[in-house]
Amino acid sequence: MGRRSQIVVVIALLWAPHRARADIDQQHGDRLFEEAVALRKTDPEAACAKFEEALRFNPQAPGILLNVAICDEQHGKIASAVARLQDLADRSREAGLDDYGRDAEARLATLRPQLPYVAIRLASPVATETKVLVDDRLVPADNLARYPVDPGDRVIVVTAPGRVAFRTTVTAVKQQTLVIDVPVLKKRLSRKTIGVITMAGGGAVFLGGVAIGLTARSRYNPLFEPPHTCDPVTRICDDPRDHAKAKSALTLGTVGTVAGVVGLGAVGVGLYIYLRAPNAAAHGGEPTPKVSLVPHVDRDGAGVMAVGRF
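In this text the structure is predicted, and so the values were computed from the model without any measurement.

> Quick one: what's the story with helix H4 (residues 62–74), residue by residue and with numbers?
The end-to-end C-alpha separation of H4 is 18 Å, in line with the 18 Å expected for 13 residues at 1.5 Å each. Counting buried residues in H4 gives 11 out of 13 residues, a clear majority hidden from the surface. Taken together, the buried positions of H4 are occupied by Pro62, Gly63, Ile64, Leu65, Leu66, Asn67, Val68, Ala69, Ile70, Cys71 and Asp72. A positive backbone phi angle near 80° is found at Gly76, which sits one or two residues after H4.

Here is the structure:
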């Protein structure tokens, strides 16, 4: 193990591209690598964190790549380890680094039989715009039938333009293949449709508020007429029963007012969504509607007024 560590250190320093990208700091990556090697026996978790960080600064170093793959394996991330080891095997073959190549191939032979897979079956044909992601990683269309994953909970997301995304979480187990059947993605409601639904719902709530308000009024006003005991000037009722009825009517009226305001607000929001939604005219070169919603209050009531070009 000591001899391998020395080889790792030496090659990690030597195997680097002649032209480094601007976001790569090989010297810093090599320093992190040496710190990780020193921590490997006393604090394996800290060492793995250092190896991961070193790889970001020097992704071409085989020693770093090997150690990150070993850390992935130790943490049960088999598919991640296999991907890194395969990369290492390919790079070693090209660079003539036989020790690393043999080590990578030996580890691959042990890990590949343990791999779990997901088989993602789409009910609708795979379009070029359809994206399938496993844990935020894009899965190529030709790998959908058998895609290697790490054991544990995996999140599958399928998206397509104009469709509602499909999302599910599955638990992958070593040496097993999980089949995920993705139904036809439902069409997403257009903004105009959402606007219409919002306006209709808001209108229904507003009308309900008006109805409640009228009911409250019909219960409250008669209390100030004979034979009831409520004074129309002081608004005070001598009879406790009339007082309770008046209080109940006022509460009902408040509920109606709140419902009316909420409903009116929803109508305004729905109108805004509808008027601001893209339409064919806009794509055809016509001026895009510019509409603003302005609160409107006068002595007859309150509301929302649309102002602009239609």
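Having seen it, we continue.
> Explain the state of the cysteines to me, and be specific about the residues and the numbers.
Scanning all chains against the criterion turns up two disulfides. Disulfide pairing places Cys48 opposite Cys71 at an S-S distance of 2.1 Å. Handedness here is read from the sign of the S-S torsion; for Cys48 and Cys71, about -90°, the answer is left-handed. With Cys48 in helix H3 (residues 44–57) and Cys71 in helix H4, the pair connects residues that are 23 residues apart, well separated along the chain. Comparing Cys48 with Cys71, the two get one shared label, buried.

> How would you explain the sheet that holds strand S5 (residues 152–159) if you had to name every residue and give the values?
Strand order in this open sheet of four strands is S3-S2-S5-S6, and the pairing throughout is antiparallel. The two strands at the open ends of the sheet, each matched to only one other strand, are strand S3 (137–138) and strand S6 (166–172). Bridge count for strand S2 (residues 131–134) against S5 is four bridges, and the pairing is antiparallel. The residue bridging Val132 from the neighbouring strand is Val158, located in S5.

> Which residues make up a nonpolar patch on the surface, and what are the values?
Together, Phe206, Leu207, Val210 and Leu214 make up a nonpolar patch on the protein surface, roughly 360 Å² of accessible area in all. Here Leu207 lies in helix H7 (residues 191–220). For Leu207, a relative accessible area of 58% corresponds to the exposed category.

> I'd like to hear about the side chain of Thr130, residue by residue, with values.
Inspection of the secondary structure assignment puts Thr130 in the loop between strand S1 (117–122) and S2. Discounting chain neighbours no more than four positions away, the residues touching Thr130 are Leu122, Val158, Thr159 and Ala160.

> Quick one: what's the story with the sheet that holds strand S7 (residues 177–182), residue by residue and with numbers?
An order of S4-S1-S7 is seen for the three strands of this open sheet, with the pairing classed as mixed. Two strands in the sheet have a free side with no partner beyond their single neighbour: strand S4 (147–148) and S7.

> Tell me about the pairing of S2, residues and numbers included.
Going residue by residue along S2, you find Val132 and Val134 tucked away on one face and Lys131 and Leu133 left uncovered on the opposite face. As paired elements, S2 and S3 share two bridges and run antiparallel to each other. What sits directly across from Leu133, in S3, is Leu138. Between S2 and S3, which follow one another and run antiparallel, lie two residues, and Asp135 among them has a positive phi close to 50°.

> Please set out the packing of aromatic side chains residue by residue, giving values where relevant.
Going through the model one piece at a time under the given rule, you end up with two aromatic pairs. Geometrically, the ring pair formed by Phe33 and Phe51 is tilted, given 5.6 Å between the ring centres and 55° between the ring planes. With Phe33 in helix H2 (residues 26–39) and Phe51 in helix H3, this residue pair connects regions lying 18 residues apart in the sequence. An identical accessibility class is assigned to Phe33 and Phe51; each is buried. Sitting over the ring of Tyr117, Arg146 keeps its end group 3.8 Å from the ring centre. The ring of Tyr274 carries Lys192 above its face, with NZ or CZ at 4.3 Å from the centroid.

About the thresholds
- Residues numbered from 1 in each chain as written.
- Predicted model: local features only at pLDDT ≥ 70, side-chain atom pairs only at ≥ 80, totals over all residues.
- Heavy atoms only, no water.
- Helix = DSSP H or I, 4+ residues; strand = E, 2+ residues; numbered from the N terminus.
- Expected span 1.5 Å × (residues − 1).
- Buried < 20%, exposed > 50% of the residue type's maximum accessible area, 1.4 Å probe, protein only.
- Disulfide = S-S within 2.5 Å.
- Pairing = 2+ DSSP bridges.
- Patch = residues over 30% accessible without salt bridge, like charges linked within 9 Å, V, L, I, M, F, W, Y side chains within 5 Å.
- Areas by Shrake-Rupley, 256 points an atom, 1.4 Å probe, with all protein chains shown as cover.
- Salt bridge = Lys/Arg side-chain N within 4 Å of Asp/Glu carboxyl O.
- Contact = heavy atoms within 4.5 Å.
- Phe/Tyr/Trp six-rings, centres within 6.5 Å; stacked < 30°, edge-to-face > 60°.
- Lys NZ or Arg CZ within 6 Å of the ring centre and 35° of its normal.

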